[in-house]
Amino acid sequence: MNTSIVLVSRGRPEMLDGLYRSLVDTCELPFELIVGCDADDQSLVRYFKLLSSYENIKFVVDKRSDNLHTKMNNLLSLVQGENILVMNDDCLLTNKGWDRLAKEKMVGPENLYGRTHDNSIDRVSQDYAAFPLIKTVAARKLGFIMDARFGNHGSDVVTYRIYSHTHQVVDLPEVQIDHTFHNSQQGLEERKVDQTANEM
């Protein structure tokens, strides 16, 4: 198994389906998709049942967790791929053969963190990857995929710094990710609502 795509999803089966189809269209090597969801999310549970016959998809129904990254880290034990691609359900992989090209670069003990490229419109910096490709052996040694002590972008940055501190980062422009819903007008409006609620 080359790549394990790992994510947590809630209430967006149509987007998750789009991501899966983009993986089928662009991957040239065997992959698995591992998705965590909440037990009360019936839309995703129904979607999972429809795809239960697909051997390369694993669905993990779990209790609600306030920390997205804790829930994602709980999926680490299921990973069978050589590399882990941290993903969101509202993303699409856009270039054919990205997994083969990334595998060629992620060789050797020095390359543990792959900095993929995405088009998220509110990125503060391109130094870190919002959707990194991480060697499974490195994640298991650390004990986590993403540092759950920090939320959202904070975890992205801290996880990147862990690997960059020891110069174990490789740039992966071959892995282009379209952050579709995040960049849409509706996505912008939802984030504004969340930000307002957090400030109250």
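Up top is the structure.
Scoring rules and cut-offs
Residues numbered from 1 in each chain as written. Predicted model: local features only at pLDDT ≥ 70, side-chain atom pairs only at ≥ 80, totals over all residues. Heavy atoms only, no water. Helix = DSSP H or I, 4+ residues; strand = E, 2+ residues; numbered from the N terminus. Buried < 20%, exposed > 50% of the residue type's maximum accessible area, 1.4 Å probe, protein only. Contact = heavy atoms within 4.5 Å. Areas by Shrake-Rupley, 256 points an atom, 1.4 Å probe, with all protein chains shown as cover. Pairing = 2+ DSSP bridges. Axes fitted to C-alpha atoms, helices over the stretch in contact; angles between N-to-C directions. Core = buried A, V, L, I, M, F, W, Y, C linked by side-chain atoms within 4.5 Å. Arc of directions from axis to C-beta. Salt bridge = Lys/Arg side-chain N within 4 Å of Asp/Glu carboxyl O.

(A) Focus on the overall build of the protein. Along its length, the protein carries eight helices and eight strands. For the protein, buried positions account for 48% of its 200 residues. Expressed as a percentage of contacts within the protein between residues at least 6 apart in sequence, the contacts between residues at least 24 apart total 77%. Total accessible area computed for the protein in this model is approximately 10,100 Å², and 52% of it derives from carbon and sulfur atoms.

(B) Structural context of the pairing of strand β6 (residues 113-118). Among the six residues in β6, five count as buried, and that is most of the element. Bridge count for β6 against strand β7 (residues 133-135) is two bridges, and the pairing is antiparallel. Of the residues in β7, the one forming a bridge with Gly114 is Leu133. Of the pairings in the sheet, the one linking β6 to strand β8 (residues 169-179) comprises six bridges and is parallel in character. Among the inter-strand pairings, Gly114 is bridged to a residue of β8, identified as Val170.

(C) Structural context of the sheet that holds strand β1 (residues 3-8). Here eight strands make up an open sheet; going across it, the order is β3-β2-β1-β4-β7-β6-β8-β5 and the pairing mixed. Edge positions in the sheet fall to β3 (57-62) and β5 (91-93), since each of these pairs with one other strand and no more. Strand-to-strand, the axes of this sheet are offset by a mean angle of 30°, without reference to chain direction. The sheet contacts of helix α4 (residues 98-105) involve β1, β4 (83-86), β5, β7 and β8, and relative to β8 the element is tilted by about 165°.

(D) Representation of the nonpolar core within the structure. Ranked by size, the top nonpolar core spans 30 residues in total, and within it Leu23, Met87 and Leu93 carry the most contacts. Listed by contribution, the elements that provide at least two residues to this core are β1, α1 (13-26), β2 (31-38), α2 (42-50), β5, α4 and β8. Beyond its immediate sequence surroundings of up to four residues, Leu93 is in contact with Leu19, Ser22, Leu23, Thr26, Leu85, Met87, Trp98, Val175, Gln176 and Ile177. Of all hydrophobic cores here, the second largest spans 20 residues; its members include Val8, Ala129, Ile145 and Tyr160.

(E) Local environment of the environment of Asn74. By secondary structure assignment, the location of Asn74 is in the loop between α3 (68-73) and β4. With a relative accessible area of 46%, Asn74 lands in the partly exposed category. Put simply, Asn74 and Ile145 are 71 residues apart on the chain and 9.0 Å apart in space, counted from C-alpha to C-alpha.

(F) Spatial organisation of α2. Those residues of α2 not exposed but buried are Leu44, Val45, Tyr47 and Phe48. Looking down the long axis of α2, one finds its buried residues gathered within 160° of arc, a one-sided arrangement. Of the exposed residues in α2, those oriented more than 90 degrees away from the buried face are Arg46, Lys49 and Leu50. Buried residues belonging to α2 abut α1, β2 and β3.

(G) Local environment of the pattern of salt bridges. What the rule picks out here adds up to twelve salt bridges. Ionic pairing is found between Arg100 and Glu104, a salt bridge with its closest N-O pair at 3.5 Å. Of the two residues, Arg100 and Glu104 are both situated in helix α4; the distance of four residues between them amounts to about one turn of the helix. A relative accessible area of 32% means that Arg100 is categorised as partly exposed. Sharing partners across several salt bridges, the network here consists of Arg10, Asp38, Asp40 and Lys71.

(H) Expanded view of α4. Three or more residues of α4 are buried, namely Trp98, Asp99 and Ala102. Axial view of α4: buried residues confined to an arc of 95°, hence all on one face. Packing partners of the buried residues in α4 comprise β1, α1, β4, β5, β7 and β8.

Structural measurements only, silent on function.
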